[in-house]
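Tertiary structure, described
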Amino acid sequence: LPPKKSSLHPPTAERCLLPSSQIYPIHLPQKTRTRRALLICNIEFEHLRRRDGAEVDVEGMTRLLEGLGYVVDVHRNLTSQEMAMVMKDFAGHKGHCTSDSTFLVFMSHGVRAGVCGTKSRDETTDILSLNTIYETFNNKHCQALLGKPKVVIIQSCRGGKVGSALVSDSADPAVPTPSSAPTIPAGLEDDAICEVHLESDFATLHSSTPDTVSWRSSVTGSVFIQRLIEQFRNHACNSDLQELFRKVQYSFVKFPRQLPSQERTTMLRKFYLFPGH
């Protein structure tokens, strides 16, 4: 759904206080902007059980992304090799040159190492490695999205464990250790024409923490996708992306069996989906 009418006319007080250098720029007006999103959803598998309810997730995420101004490329029931090919084609889409960002959404069965293709039968067969996603869209292989937010949403299990435990209030908190990261000496220069981080401007929200399951209803779809859609619809008008992610995570406070996880996030600025342009 499109944002509330009033949401198109920020800036909010927070944004007024932020220097423009700390917010991802929107260079083109909405009429000439070509935002694109990729959505891959595996429902039918040769060896694994059918993901009933996943079509509800596809429909909900497609409506959400279209409301956010993205043209959504939807693909269903792909092997890991086919997913990699679809990603490569999408990374080369000329529309990214006149876009300001992209969403990459993956929904499937999953294991710790990645997302299951339709021929998967265990933790090692037909698995799309998460590394493949980042390599395909990094600043070397997808230069049209250089310096632009690349939002990765992954709905899948990451193991078979239930993500909750009974805890005691008497546990001693761990004592943090001082950082031992080396500092960069001052006064150094290099002769590179233009050097950028290989993997910057990614923001990833996974439906669960490592080794744990994600929960899905055969009628209403995945709990994670339902709550993500709800938070984006209610708060995309005035919250930056990582604050939206935090709100999604907070919505699971009373559902301790699952907790979405922000991982491999390399955002250098704040990303507002509706910056008032």
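Residues numbered from 1 in each chain as written. Predicted model: local features only at pLDDT ≥ 70, side-chain atom pairs only at ≥ 80, totals over all residues. Heavy atoms only, no water.

The name given to the chain in an unreviewed UniProt entry is CASP1 protein, with Nyctibius bracteatus as the source organism.

This part is about the environment of serine 129. Along the polypeptide, serine 129 turns up in strand E6 (residues 127–129). On the basis of relative accessible area, serine 129 is assigned to the partly exposed category, the value being 27%. The spacing of serine 129 and alanine 84 is 45 residues in sequence and 9.5 Å in space, taken between C-alpha atoms. In this structure the side chain of serine 129 is engaged in a polar contact, spanning 3.1 Å, whose partner is the backbone nitrogen of asparagine 131. (Helix = DSSP H or I, 4+ residues; strand = E, 2+ residues; numbered from the N terminus. Buried < 20%, exposed > 50% of the residue type's maximum accessible area, 1.4 Å probe, protein only. Polar contact = N/O pair within 3.5 Å; in protein donor to acceptor, adjacent residues only side chain to side chain.)

Moving on, we get to helix H6 (residues 241–250). Turning to H6, its buried residues are Leu241, Leu244, Phe245, Lys247, Val248 and Gln249. Where H6 is buried, its residues touch strand E3 (102–107), strand E7 (150–155), strand E8 (202–206), helix H5 (223–235) and strand E11 (261–263). Capping the start of H6 is the job of one residue whose side-chain oxygen sits 3.2 Å from the backbone nitrogen of glutamine 242: aspartate 240. (Contact = heavy atoms within 4.5 Å.)

This part is about the sheet that holds strand E1 (residues 36–41). Across the sheet, six strands lie side by side as E2-E1-E3-E7-E8-E11; this open sheet has mixed pairing. Only two strands of the sheet have a single neighbouring strand rather than two, namely strand E2 (71–76) and E11. Geometrically, the sheet is characterised by an average inter-axis angle of 15° between neighbouring strands, direction not taken into account. The sheet contact formed by E1 and E2 spans six bridges and is parallel. Bridge pairing links arginine 36 to valine 71 in E2. (Pairing = 2+ DSSP bridges. Axes fitted to C-alpha atoms, helices over the stretch in contact; angles between N-to-C directions.)

The buried count for E3 comes to six of six residues, which makes it a mostly enclosed element. Side chains of E3 alternate between two faces, with Thr102, Leu104 and Phe106 and Phe103, Val105 and Met107 buried alike. Bridge analysis of E1 against E3 gives six bridges, and the strand direction is parallel. Bridge pairing in E3 places arginine 36 opposite threonine 102. Two strands pair when backbone bridges link them, and E3 and E7 are joined in this way by six bridges, in the parallel orientation. In the strand pairing of E7, valine 105 is matched with isoleucine 153.

Quick look at the side chain of lysine 148 now. Relative to the assigned elements, lysine 148 resides in the loop between helix H4 (130–136) and E7. Buried and unpaired, lysine 148 has aspartate 100 as its nearest opposite-charge partner, separated by 7.6 Å. Within the structure, lysine 148 has its side chain in polar contact with the backbone oxygen of histidine 96 (distance 2.8 Å). Setting aside its immediate chain neighbours within four residues, lysine 148 contacts His96, Cys97, Ser99, Asp100, Ser101 and Asp201. (Lys, Arg positive; Asp, Glu negative; His and termini not counted. Salt bridge = Lys/Arg side-chain N within 4 Å of Asp/Glu carboxyl O.)

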